[in-house]
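Next come the chains, spelled out residue by residue.
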There are 2 protein chains.
Amino acid sequence: MKLPKKVRIRDVGPRDGFQNVRTFIDTDKKLEIIDGLVTAGIQAIEITSFVNPKAIPQMADAAKVAAEVRKKYPDLEALALVPNLRGAENASKAGIRNVAYVVSASEAHNKANVNRSIDESVENLKELVLQHPELNVRVDIATAFGCPYSGTTPPENVFRLLKVCRELRIQEVTLCDTIGIANPKQVSGLLNAVKDGFPELNIALHLHNTRGMALANMAVAAECGITNFETSVGGLGGCPFAPGSEGNAATEDTVYMFEQMGVETGIDLEKLIETVSYVQANVDALVTGKMLKVKNSTCINF
Amino acid sequence: MKLPKKVRIRDVGPRDGFQNVRTFIDTDKKLEIIDGLVTAGIQAIEITSFVNPKAIPQMADAAKVAAEVRKKYPDLEALALVPNLRGAENASKAGIRNVAYVVSASEAHNKANVNRSIDESVENLKELVLQHPELNVRVDIATAFGCPYSGTTPPENVFRLLKVCRELRIQEVTLCDTIGIANPKQVSGLLNAVKDGFPELNIALHLHNTRGMALANMAVAAECGITNFETSVGGLGGCPFAPGSEGNAATEDTVYMFEQMGVETGIDLEKLIETVSYVQANVDALVTGKMLKVKNSTCINF
């Protein structure tokens with residue numbers, strides 16, 4: 001198996017993980033978790049999103065979280081998700097310099113998620129780039145593999161958005177398997193096509209474990225040369241379309257697999273699992289990552 | 001991704017899944033579940049094990065299950081696990097014609113599991129083959145990748161047992177990741193070495209999802225040319241070394257992944273999920289397979 005020497009993991013738990021948690025997580029607890037992730041060696045964290053707090057109440061403290069994190073960890077890649085121009089403006093005012101702009105590869109999902117057509121989202125993105133030169137903008141392509149409303153996503157839908165990124169000189173793009181429906185063959189096919197068609201782009205992969213294939217998809221992606229992955233501490237997040245299901249790929253399970261395969265992550269798994277433990281105790285959501293239970297195993301080495 | 005056209009799945013739920021369930025599953029319920037698996041198109045099932053009922057009370061009705069299944073499904077590959085010669089004798093008396101003889105690649109695990117050294121297990125296997133020409137004997141190599149007591153299993157330990165199989169003209173061998181600790185790179189490495197060193201053997205893979213890598217391991221194994229997999233309905237089984245953890249790779253999740261990748265399984269997923277549902281309602285154990293929750297999802301197609 002041909003694997004990269006190292007991978008870079010961005011923990012999106014504080015945004016994608018937390019946003020589906022019904023009970024509000026106190027700001028100080030959110031910050032405690034972010035602290036734990038930094039202590040474990042994670043260098044990139046999606047710390048919040050700037051969205052309408054009526055839509056996503058969990059993110060109502062976005063500005064406060066942003067201010068605290070920037071003060072405490074000026075060297076951290078502190079990313080905030082933004083769905084539109086207003087979100088980007090608010091992020092910038094809060095001192096954020098790295099934003100992830102989300103647009104879906106599926107028309108139906110874009111409408112449901114950000115209440116506008118893909119064309120409108122693209123127009124907003126162009127305005128964002130023009131109006132905010134102070135921001136490093138990455139693009140998150142949601143439903144890059146499959147959509148709850150439209151089924152399997154045609155690769156052309158993804159290529160279309162990658163062309164937009166190219167025109168706007170945005171090189172950092174995340175392909176998101178929003179509902180955890182991608183399979184390894186599909187992932188391998190799309191990533192190879194993207195590598196061929198858009199070699200200048202730095203592609204990250206954001207996977208969900210709804211159908212159990214997150215690590216399978218991650219392994220084939222690494223074989224395809226992908227070295228950037230977005231995962232969530234504890235595997236928080238769930239799936240709004242499949243209640244009770246798992247959500248994001250768990251950071252701790254991802255770190256374990258890569259380290260076992262000799263791929264460096266730069267992350268201290270023991271410290272990370274302490275943070276997972278803290279999440280379990282303090283967040284009203286299921287930890288679906290496997291490593292916490294395995295840590296308590298009686299195996300000679302876990 | 002280079003994948004086989006089809007794979008063959010053996011469901012070991014009625015043995016490996018059930019044996020860790022504390023509450024006795026009534027014989028008629030065990031048979032109902034086996035019925036459900038056959039109806040879903042599964043052609044090979046590990047229906048029970050012939051072991052000391054004091055050690056594994058769940059399997060106390062082995063002879064009855066065997067008699068009923070053979071009567072109802074004479075064409076089913078109905079397999080029974082046996083840990084020693086006595087088990088094989090009892091299986092044969094009960095009309096079973098396919099046995100899986102378990103021996104561990106790790107000395108410590110063999111001692112803990114079947115209370116004898118590997119050498120003794122090998123001697124018993126030789127006697128079994130001589131004394132029971134009426135039995136089709138396959139060998140299950142437990143802890144083929146890692147052992148709870150000894151850590152990572154040196155490949156030589158596996159090769160040693162494969163040489164024994166070769167000498168005894170046993171061609172059907174299952175490599176078992178008993179504690180779900182294998183990673184894709186390790187699986188790929190071992191399977192390629194086995195393919196090169198023992199091309200005449202028909203290797204099956206038995207995976208556990210304790211650390212979330214079952215489907216990842218299965219996908220690389222399929223790429224290595226493995227077409228036989230052992231999985232458990234509902235992902236039953238757990239892990240005695242990591243309480244609360246997942247156990248066997250779930251049959252339904254396995255079928256879903258392969259079918260999505262265009263690999264034929266011959267199994268009707270909808271019917272299989274009905275059986276998973278029955279298991280959830282009637283067996284005092286956690287269904288850890290993902291597809292049952294996903295079946296209830298609001299995605300346009302799951």
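All values derive from a computational prediction rather than experimental measurement.

1. Quick notes on the overall build of chain A
Within chain A, the secondary structure is distributed over twelve helices and ten strands. Since a compact globule built from 302 residues should have a radius of gyration of about 19 Å, the 18 Å found for chain A is in line with a globular shape. If you line up chain A on its principal axes, its C-alpha atoms span 55 × 45 × 35 Å. Every one of the 302 residues in chain A was classed for burial, and the buried ones make up 62%. With an accessible surface of roughly 11,600 Å², chain A has 48% of that area assigned to carbon and sulfur atoms. Across chain A, the mean location of the 32 positive side-chain charges is 2 Å away from that of the 36 negative side-chain charges.

2. Remarks on the nonpolar core
Core analysis: the largest hydrophobic core is formed by 203 residues, its most contacted members being I141, L175 and L205 of chain A together with I141, L175 and L205 of chain B. Setting aside residues no more than four positions away along its own chain, L175 of chain B makes contact with I141, A144, F145, V158, L190, L191, V194, I203, A204, L205 and H206 of chain B.

3. Considering the interface of chain A and chain B
Listed as interface residues are 44 residues of chain A and, on the opposing side, 44 residues of chain B. Of the roughly 3,400 Å² buried between chain A and chain B on both sides combined, carbon and sulfur atoms contribute 63%. Its largest share of buried area at the contact with chain B, chain A owes to M1, R211 and K290 of chain A, together 17% of the area lost on that side. Applying the counting criterion to the chain A and chain B interface returns two salt bridges. Of the charged contacts in the structure, one is a salt bridge between E246 of chain B and K290 of chain A, with a shortest N-O distance of 3.5 Å. Our count for the contact surface shared by chain A and chain B stands at four residue pairs in polar contact (both at pLDDT 80 or more). Contributions of two or more residues to the side of chain A that touches chain B are made by α8 (184-197), α9 (214-223), α10 (251-260) and α12 (291-295) of chain A. When residues in the side of chain A that touches chain B are grouped by element, the largest group, five residues, is from α9 of chain A. Across the side of chain A that touches chain B, the residue classes tally to 24 nonpolar, 14 polar and six charged.

4. Concerning helix α5 (residues 107-114) of chain A
Residues and elements named next belong to chain A. All of the buried residues along α5 are H109, N110 and V114. Along the axis of α5, the buried positions cluster into a sector of 100°, meaning they face one direction only. Those residues of α5 that are buried are in contact with β4 (98-104), α6 (118-131), β5 (136-142) and β6 (146-147). In the segment just after α5, N115 is the residue with positive phi, at about 60°.

5. Overview of the relation of the copies chain A and chain B
It takes a turn of 180° to lay chain A on chain B, together with a shift of 0.0 Å along the axis; the resulting RMSD is 0.0 Å. The two molecules are tied by a two-fold rotation axis, judged by turn and shift. It is A216 of chain A whose C-alpha, among those of chain A, lies nearest the rotation axis, at 1.8 Å. With an isologous cut-off of 70% or more, the 100% of interface residues of chain A that recur at the interface of chain B puts this contact in the isologous class.

6. Details of the sheet that holds strand β1 (residues 8-11) of chain A
Residue and element names in this part refer to chain A. Pairing within the closed barrel is parallel, and its eight strands lie in the order β1-β2-β3-β4-β5-β8-β9-β10. If you compare each strand with its neighbour and ignore which way they point, the axes differ by 30° on average. Strand direction decides the pairing type here: β4 and β5, joined by seven bridges, are parallel. Residue pairing across strands places V102 opposite D140, the latter belonging to β5. In the packing of α9 onto the sheet, contacts are made with β9 (202-206) and β10 (228-231), and the angle to β10 comes to roughly 165°.

The rules we used
- Residues numbered from 1 in each chain as written.
- Chains lettered and ligands numbered in written order.
- Predicted model: local features only at pLDDT ≥ 70, side-chain atom pairs only at ≥ 80, totals over all residues.
- Heavy atoms only, no water.
- Helix = DSSP H or I, 4+ residues; strand = E, 2+ residues; numbered from the N terminus.
- Rg over C-alpha atoms; globule rule 2.2 N^0.38 Å.
- Buried < 20%, exposed > 50% of the residue type's maximum accessible area, 1.4 Å probe, protein only.
- Areas by Shrake-Rupley, 256 points an atom, 1.4 Å probe, with all protein chains shown as cover.
- Lys, Arg positive; Asp, Glu negative; His and termini not counted.
- Charge placed at Lys NZ, Arg CZ, Asp CG, Glu CD.
- Core = buried A, V, L, I, M, F, W, Y, C linked by side-chain atoms within 4.5 Å.
- Contact = heavy atoms within 4.5 Å.
- Buried area = accessible area lost by both parts, 1.4 Å probe.
- Salt bridge = Lys/Arg side-chain N within 4 Å of Asp/Glu carboxyl O.
- Polar contact = N/O pair within 3.5 Å; in protein donor to acceptor, adjacent residues only side chain to side chain.
- Nonpolar A, V, L, I, M, F, W, Y, C, P; charged D, E, K, R; others polar.
- Arc of directions from axis to C-beta.
- Least-squares fit on C-alpha atoms with pLDDT ≥ 70 in both.
- Pairing = 2+ DSSP bridges.
- Axes fitted to C-alpha atoms, helices over the stretch in contact; angles between N-to-C directions.

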